[in-house]
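# Architecture at a glance
Letter by letter, the chains look like this.
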Amino acid sequence: MLTKVIEIGRLMRQSEYYRNFTKAVKQDKGLALLVSLEPLEYKGVVALETPGPDQAHLLLYTDQLGQVSGKSPTVNLTVSGKSLEKIKEAIEKALRKFRRFFEDEEVLRDFVKLFEKNHLQIVEDLEKQLMTMEEKGTYLTIILIKNGQEMMPAEYEAFREVFIKRALEKATRTGVQGTCHFCGKPKLVSATVNEVFTFATFDKPGFCPSLREKEAVKVVPICEECKTDLQNGANIVTRDLTFNFLGTTIWLIPSLMHRNDSILSRVIERVKENSKTLKDFARNEEEIEEALADEDPFVHYDFLFMEINKNQQRIELHLTEVSPTRLRKLVNERKEAVKRIAIENLPEPTLGLLWDLYEKPTSKSKARKDYLQLIRSIFHGESYNLQRFLWYCMRKIRKAVQETDSKQTRNFHWRTLTYLSFAAVLFLNQIEVFHLRKEGESVVSSEVSEFFQRYPEFFDEPWKKAVFLTGVLAGKVLAVQYAKRQAAPFFNKLKGLKMNMRDVQGLLPEIRNKLEQYKSYGQRTDLIMKAAAEYYLLAGEKNITIDELNFVFTLGMAFSNREPFKIEVEEVEQNEQQV
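None of these values were measured; they are calculated from a predicted model.

### Things to note about the packing of helix H16 (residues 446-454) against helix H17 (residues 462-485)
Where H16 meets H17, the axes come as close as 12 Å, and the angle between the chain directions of the two elements is 115°. The handedness of the crossing between H16 and H17 is right-handed. Within the contact between the two elements, H16 uses Val448, Phe451 and Phe452 and H17 uses Lys465, Phe468 and Leu469.

Here it is as structure tokens:
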């Protein structure tokens, strides 16, 4: 992945060297110390509108770790409260970082003296500005005046030189002769990859096999040129090739199987445009994947799912070299799965909806790990445990059934959730994540047989057909009860959808009695009842998980108001959607 970022940085190398290390500030407004150069004189504090993306480099801003880093003349200024004490505390902290850039540099020593001489006045002027600002976070920088013209930090040569020196300071100070891990050339190399990406702990002394600082450079040695390209590439990735994803971040890194600068440039621009217009990956997944799929087959993408907290980075999931062909398959098969189910306005099983099925797992939960493994399986075509997936589906469906029973409808109705889960199963099977076999033949009426033949990979065993038809019949009882009584007490017989096979089989006589009681046991119902019985005879003894069994049963209930299982009583047809 790092090599791919370096390639992006090389291709998009800035014409002015210092710009390879600059980053854009995140705040819309800032504060600047106004300083006249001839003579050197402090003129006060002014509010500043943040320069646009094309001019962000003018602030000479870069990430600053620790209390005092001195890498930039532009520093963050964050106030945690509106009290004068809190404001002063924030100002002093920011000024310490700000002054560090000017210290120990002969060319800037007069600026240090100026700041010391005017310290109290600077603090007072900043206090006044902060008291009137609504923004909680801002930044502090410097604007110079020369011959009546204002100059941003990057427009002053001495600032640019110090900025470059500080950016390469550690590499220069700790560098040794060696071979660069990335370009393979014998050069002065250092262990400074972690200065660019904080998740790169492999070249920190504490993570070296010997735990010795001198040995760190042997892990991933990098030369100055490659580090410059890595930093520039990292800036491009984190600024332009980034998407929001369900509270986290996706870095999308394109690469080519064979070097071609013009194609890679075009792909980077396309991803950049999508990042700008379709920022939310979960909400716009299909459009983004469509755009990425419309590329040459030798283009590949790395997806890094990142958890970013201030200056800390953690890779949750790294998908490597996902091809346009795979992305096209995902888009097409999602559509095909929903089309096969033929339920009007049913959403496609996107990553966002699968996240909802997994109950929106947080970063520290077991569900999050399972969900990320599912994403890996989807993009890489790796196997995933069907039983585990159905466990999450049934957990969600059971809660939805309870909400329906208590008249709460905050989430998807249980029917919709069941259809969505089934669409997801079909989709995941179509993209080789599940491995359901197309086996088994129907032994009953053509109508029922035709339904099962629409999904041969799912209804591949007699027990599934038997349990599904039992679910259909149970759905009819619930619909009849609601039509007659505006209630569905038969739900209580379903044991919270945690039944075993004996429980499900035991429902058949109760279902028949209820339907006869309500005078709703017609010819079609009798046909389904007999078909279920025949399939139970064919099924034999099976070791079936509770979640899979109840999912198939619930699927039958969901389809009980659909052809070819639709009930004959007009009154029931009008009311069954409510159950």
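### Digging into the packing of helix H10 (residues 285-293) against helix H11 (residues 324-341)
It is at 8 Å that the axes of H10 and H11 come closest, and there the two elements cross at 140°. In this view, H10 runs oblique relative to H11, as classed from their interaxial angle. Along this stretch, H10 crosses H11, giving a crossing that reads as left-handed. Contacts between H10 and H11 involve Glu285, Glu286, Glu289, Glu290, Leu292 and Ala293 on the former and, on the latter, Pro324, Leu327, Arg328, Leu330, Val331, Arg334 and Lys335. Residue composition of the contact of H10 with H11, by class: 6 nonpolar, no polar and 7 charged.

### A short note on the sheet that holds strand E10 (residues 248-256)
Taken together, 4 strands build an open sheet; the order of strands is E9-E10-E11-E12 and the sheet is antiparallel. The sheet is open, and its two borders are formed by strand E9 (242-245) and strand E12 (312-322), each paired with just one other strand. Strand-to-strand twist of the sheet, defined as the mean angle between neighbouring strand axes without regard to direction, takes the value 25°. Each of E9 and E10 is contacted by helix H8 (residues 224-240), which is oriented at about 40° to E9, the strand it contacts most. Those strands touched by H11 are strand E11 (299-309) and E12, and its axis lies near 75° from that of E11.

### Some details on unusual backbone geometry
A cis geometry characterises the amide bond from Glu38 onward to Pro39, with omega recorded as -5°. If you trace the backbone, Pro39 turns up in the loop between strand E1 (29-37) and strand E2 (40-49). The peptide bond linking Glu563 to Pro564 adopts the cis configuration, its omega dihedral lying at 10°. With respect to the helices, strands and loops of the structure, Pro564 is situated in the loop between helix H21 (546-558) and helix H22 (570-575). Look at Asn147: it is not a glycine, yet its phi comes out positive at around 55°. One can find Asn147 in the loop between strand E4 (137-146) and strand E5 (149-151).

Rules used throughout
Residues numbered from 1 in each chain as written. Predicted model: local features only at pLDDT ≥ 70, side-chain atom pairs only at ≥ 80, totals over all residues. Heavy atoms only, no water. Axes fitted to C-alpha atoms, helices over the stretch in contact; angles between N-to-C directions. Helix = DSSP H or I, 4+ residues; strand = E, 2+ residues; numbered from the N terminus. Left-handed = near helix turned anticlockwise from the far one by under 90°. Contact = heavy atoms within 4.5 Å. Parallel < 35°, antiparallel > 145°, perpendicular 65-115°, else oblique. Nonpolar A, V, L, I, M, F, W, Y, C, P; charged D, E, K, R; others polar. Pairing = 2+ DSSP bridges.

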